[in-house]
Amino acid sequence: MARATAFAPASVGNVAIGFDILGFAVDALGDRVTVVRRDAPGVLIHGVTGVAGELPRDPRRNTAGQAVLAMADALHLDFGFEMQIDKGIALGSGLGGSAASAVAAVVAANALLDAPRSRLELLQFAMQGEQVASGSLHVDNIAASLFGGLVLTVGIDQPRVKQIPIPAGVRAVIVHPHMFLSTKQARALLKGSVELSDFVWQTANLAGFISGCYTDDLDMIRASFEDVVIEKQRQALIPGFAAVRRAALDAGALGCSISGAGPALFAWAQGAHAAQVLAAMRLPFERLSIGVDGWVVDIDSPGARVVSR
């Protein structure tokens with residue numbers, strides 16, 4: 001095998017109450033990376049196309065390049081790779097664009113190995129790429145894009161990944177206002193400590209949310225779908241946030257919050273309410289003359305996969 005192209009879906013990180021540990025895949029958009037095996041060691045990036053504009057060609061400054069370099073170093077490969085990146089996710093959107101490139105790259109490169117590695121190993125390689133963009137190791141977007149569905153990841157050095165069931169009929173509503181928000185910027189403004197009362201509240205919400213997913217208890221999910229730690233620190237970065245959240249809930253959403261670092265927002269809703277939730281979430285941005293894209297998606301993506309060889 002000399003060539004492989006992989007697709008990695010976009011993702012929603014944090015899922016409101018699971019900062020850096022919960023994420024779900026969004027198959028409506030994603031990145032594709034084509035990798036070619038070559039005799040000489042190292043990684044070459046030949047080009048970047050799509051919606052991202054100019055990105056570094058230096059592999060150590062590129063999320064896809066660094067992820068594959070991490071794979072090559074860890075496995076002591078005596079050959080290398082060339083790659084072409086096609087961005088379907090705008091950077092700074094809050095939809096896991098940097099994670100998707102890293103994931104697609106390692107999935108494609110893995111198809112060219114003599115002994116392909118497990119997805120858990122690929123997760124650890126892709127993490128090294130994500131760090132280039134965000135400045136820290138976190139796995140919520142990486143794991144969701146790689147594994148698909150709603151994913152809980154515990155640990156960094158020895159990560160454990162658990163796919164969480166989604167209650168029947170629940171769909172995700174995504175809106176992306178046309179603005180850029182740096183993940184590094186959004187992380188830099190976060191406080192280094194949390195009030196004990198907020199810690200207890202947030203922990204209870206995380207437990208309640210996951211319990212509701214396992215037991216198909218939509219009332220529990222609705223009651224637990226509230227971020228009391230991160231959202232209140234970041235919402236000022238997103239014009240119209242409060243109005244969008246209120247509109248989603250009034251239209252029947254189970255919950256609404258910031259997707260990853262933002263500016264994209266997401267909600268969960270029963271299928272019968274999803275279209276009206278999307279329309280309601282778009283309206284506050286439109287009133288502010290901010291362009292917005294929107295999607296209603298199932299939360300059962302198969303995750304990253306090879307799409308051509």
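Structure's up top.
Residues numbered from 1 in each chain as written. Predicted model: local features only at pLDDT ≥ 70, side-chain atom pairs only at ≥ 80, totals over all residues. Heavy atoms only, no water.

**Student:** Would you take a moment to explain the overall build of the protein chain for this structure?
**Tutor:** Of the regular secondary structure elements, the protein chain holds ten helices and eleven strands. Its C-alpha radius of gyration of 19 Å places the protein chain within 12% of the 19 Å reference for a compact globule of 309 residues. Considered along the principal axes of its C-alpha atoms, the protein chain spans approximately 60 × 40 × 40 Å. Buried positions account for 56% of the 309 residues belonging to the protein chain. Relative to all contacts within the protein chain whose residues are 6 or more apart in sequence, the contacts with residues 24 or more apart total 74%. Put simply, the protein chain shows about 12,600 Å² of open surface, and 52% of that area lies on carbon and sulfur atoms. (Helix = DSSP H or I, 4+ residues; strand = E, 2+ residues; numbered from the N terminus. Rg over C-alpha atoms; globule rule 2.2 N^0.38 Å. Buried < 20%, exposed > 50% of the residue type's maximum accessible area, 1.4 Å probe, protein only. Contact = heavy atoms within 4.5 Å. Areas by Shrake-Rupley, 256 points an atom, 1.4 Å probe, with all protein chains shown as cover.)

**Student:** What is the right way to look at the sheet that holds strand β9 (residues 265-270) in this model?
**Tutor:** Adjacent strands of a sheet pair through backbone hydrogen bonds, lying either parallel or antiparallel. Taking strand neighbours across the sheet as the criterion, the four strands line up as β8-β9-β7-β10 in an open arrangement whose pairing is antiparallel. Since the sheet does not close on itself, it has two edges, and those belong to β8 (255-258) and β10 (292-297), each with one partner. Each neighbouring strand pair of the sheet contributes to a mean axis angle of 15°, computed without reference to strand direction. The strands touched by helix α10 (residues 271-287) are β7 (170-177), β8, β9 and β10; relative to β9, the strand with the most contacts, the crossing angle is about 155°. (Pairing = 2+ DSSP bridges. Axes fitted to C-alpha atoms, helices over the stretch in contact; angles between N-to-C directions.)

**Student:** Please explain unusual backbone geometry as it appears in this structure.
**Tutor:** Trans is the common state for peptide bonds, and a negative phi is the common state for residues other than glycine. The residue after Gly262, namely Pro263, is reached through a cis peptide bond having omega 10°. Non-glycine residue Val15 carries a positive phi angle of around 50°. Position of Val15 among the secondary structure elements: in the loop between β1 (3-13) and β2 (22-38). Despite not being glycine, Asp216 has its phi angle at roughly 55°, a positive value.

**Student:** Please clarify how a nonpolar patch on the surface should be interpreted in this entry.
**Tutor:** A cluster of nonpolar side chains, Val194, Leu196, Phe199 and Val200, forms an exposed patch at the surface whose accessible area comes to about 420 Å². In this structure, Phe199 sits in helix α6 (residues 196-215). (Patch = residues over 30% accessible without salt bridge, like charges linked within 9 Å, V, L, I, M, F, W, Y side chains within 5 Å. Salt bridge = Lys/Arg side-chain N within 4 Å of Asp/Glu carboxyl O.)

**Student:** Hey, could you run me through the environment of Glu231 in this one?
**Tutor:** Here Glu231 shows up in helix α8 (residues 231-234). Put simply, Glu231 and Phe241 are ten residues apart on the chain and 10.0 Å apart in space, counted from C-alpha to C-alpha.

**Student:** Help me understand the packing of aromatic side chains, please; the structure alone is not making it clear to me.
**Tutor:** In this description, a pair of aromatic rings is defined by centroid distance and the angle of the planes. In total, this model carries seven aromatic pairs according to the counting rule given. For the ring pair Phe225 and Trp268, a centre distance of 5.8 Å and an interplane angle of 75° mean the geometry is edge-to-face. Taken together, the residues span a long stretch of sequence, with Phe225 in the loop between α7 (218-224) and α8 and Trp268 in strand β9 at a distance of 43 residues. An aromatic cluster is present here, built from Phe24, Phe209, Phe225, Phe266 and Trp268 joined pairwise through their rings. One residue, Arg37, lies across the ring of Phe79, its end atom 3.6 Å from the ring centre. (Phe/Tyr/Trp six-rings, centres within 6.5 Å; stacked < 30°, edge-to-face > 60°. Lys NZ or Arg CZ within 6 Å of the ring centre and 35° of its normal.)

**Student:** Just to check I follow, could you spell out the side chain of Ser145 for this structure?
**Tutor:** Mapped onto the elements, Ser145 comes out in helix α4 (residues 140-147). By relative accessible area, which is 0% here, Ser145 ends up buried. A polar contact of 2.8 Å, which involves the side chain of Ser145, links it to the backbone oxygen of Pro9. Ignoring anything within four residues of it in the chain, the contact list for Ser145 reads Ala8, Pro9, Ser11, Ala100, Val103, Gly303 and Ala304. (Polar contact = N/O pair within 3.5 Å; in protein donor to acceptor, adjacent residues only side chain to side chain.)

**Student:** What is the right way to look at α4 in this model?
**Tutor:** Residues that lie three or four places apart on an α-helix share one face, since the helix turns once every 3.6 residues. Most of α4 sits out of view: eight of its eight residues are buried. Taken residue by residue, α4 has Asp140, Asn141, Ile142, Ala143, Ala144, Ser145, Leu146 and Phe147 as its buried positions. Where α4 ends, the next residue or the one after it, Gly148, has phi of about 85°, a positive value.

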